[in-house]
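In case you want the letters, here they are:
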Amino acid sequence: MMSEKIFTKSDFNYSLPSQLIASKPTSDRSASRLLALSGDSVSHRRFTDLPQLLLPGDVLVVNDTKVLKARLLGSKRTGGRTEILIERIESEFVAVCHVKSSRGFKIGHDVRIGQYSARLVDRDEDLYRIAFDAPIRQILDQCGHVPLPHYIQRPSTEEDEARYQTIYAREEGSIAAPTAGLHFDAKLLQQIQDMNIRVVPITLHVGAGTFQSLRENELSNVSMHAERYEIPRLTRRVIDRPRGRIVAVGTTVVRTLETAKLTGEDQGETSLFIAPGFKFRVVEALITNFHLPESTLLMLVCAFAGYDQVMNAYKTAVEEKYRFFSYGDAMLCGKHAF
């Protein structure tokens, strides 16, 4: 009997030409391409074909988190430039943040952000606790920028404020979009619901960990930042009594549903790391984007649809010039035929 493969971070590397990284959204939300993967079978579709690939009775679970304008640009008294990225708002005036500063940032240091100021009061490894002199949401509304991923190497625009947000976003709290949901427009969602397919929400607030590369090569040593989640009562009733498949729109939905199944808790925090070998108990199909090499998101997709199958599908996507990452094309994978 063959032993189970032990994966390392480098097993999830792949070659991606930089011109395939999508720096802007498509003209229309649903205008992207869709690679459908079932077992070893790959087919090339448009995202507008999705209703043809779903079945009456299926349950489409979406993440209704709303992205904050969480990037703040400021300067210290010494003149050093500082960039603050809100990770989590703890109270009206205090947030846990990531900080980049040209001349260091120590406890007691102040940063000027427009007409406002912020002071570092505590630090825990790579996270900083910062106290602001006005309500944080007020400062974000007036001074904040859309926190585009680092691989989109341009300033955010007014277009990003709308397009780096799903049309069903309701609950503020994320610093990154659940990007699989960016492909849905109102017309497509209505078409899906008209097929007797339930669309129900969960909430998982995405943190900066989604952008960070793994520091450990051995997957057994991986630890992830905790992210807050909640499953509403109506969603719980629907997914407990499905008439069809549970279809997750994005990796955040997968982590939420599988965490709740493991813990029995419909709200709390999850730091669940999903890699090949994980046993899925809830999700039966997954809609997702194409993810960064060596990322925890790619590892999750490989765990769900098979390592060889997903890595071969990514190779095909590169050859077929799919658009990658947050503003890129989509992928549908599951155990059944599409």
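Residues numbered from 1 in each chain as written. Predicted model: local features only at pLDDT ≥ 70, side-chain atom pairs only at ≥ 80, totals over all residues. Heavy atoms only, no water.

Novice: An account of the overall build of the protein is requested, with residue identities and associated values reported.
Specialist: A count of helices and strands for the protein gives 8 helices and 17 strands. Here the C-alpha radius of gyration of the protein, 20 Å, is about what a compact globule of 338 residues would show, namely 20 Å. Projecting the C-alpha coordinates of the protein onto the three principal axes gives extents of approximately 60 × 45 × 40 Å. For the protein, the residues scored as buried account for 54% of the 338 residues in total. Across the protein, every contact between residues at least 6 apart in sequence was considered, and the portion connecting residues at least 24 apart equals 72%. Carbon together with sulfur atoms contributes 46% to the accessible area of the protein, which is approximately 16000 Å² in total. Between the mean site of the 43 positive side-chain charges and the mean site of the 41 negative ones, the protein shows a separation of 2 Å. (Helix = DSSP H or I, 4+ residues; strand = E, 2+ residues; numbered from the N terminus. Rg over C-alpha atoms; globule rule 2.2 N^0.38 Å. Buried < 20%, exposed > 50% of the residue type's maximum accessible area, 1.4 Å probe, protein only. Contact = heavy atoms within 4.5 Å. Areas by Shrake-Rupley, 256 points an atom, 1.4 Å probe, with all protein chains shown as cover. Lys, Arg positive; Asp, Glu negative; His and termini not counted. Charge placed at Lys NZ, Arg CZ, Asp CG, Glu CD.)

Novice: Just give me the short version of the layout of surface pockets, but keep the residues and values in it.
Specialist: In this model, the second largest pocket occupies a volume close to 540 Å³. Every element with two or more residues in the lining of the second largest pocket is listed here: strand S5 (71–75), strand S6 (81–89) and strand S7 (94–101). Ranked by the residues each element gives to the lining of the second largest pocket, the list is headed by S7, at 3 residues. Considering only residue class, the lining of the second largest pocket consists of 11 nonpolar, 5 polar and 5 charged. (1 Å grid on protein atoms, 1.4 Å probe; cavity = no way out; pocket = protein on both sides within 12 Å on 5 of 7 lines; lining within 4 Å. Points joined across faces, edges and corners; volume = space filled by probe spheres on them. Nonpolar A, V, L, I, M, F, W, Y, C, P; charged D, E, K, R; others polar.)

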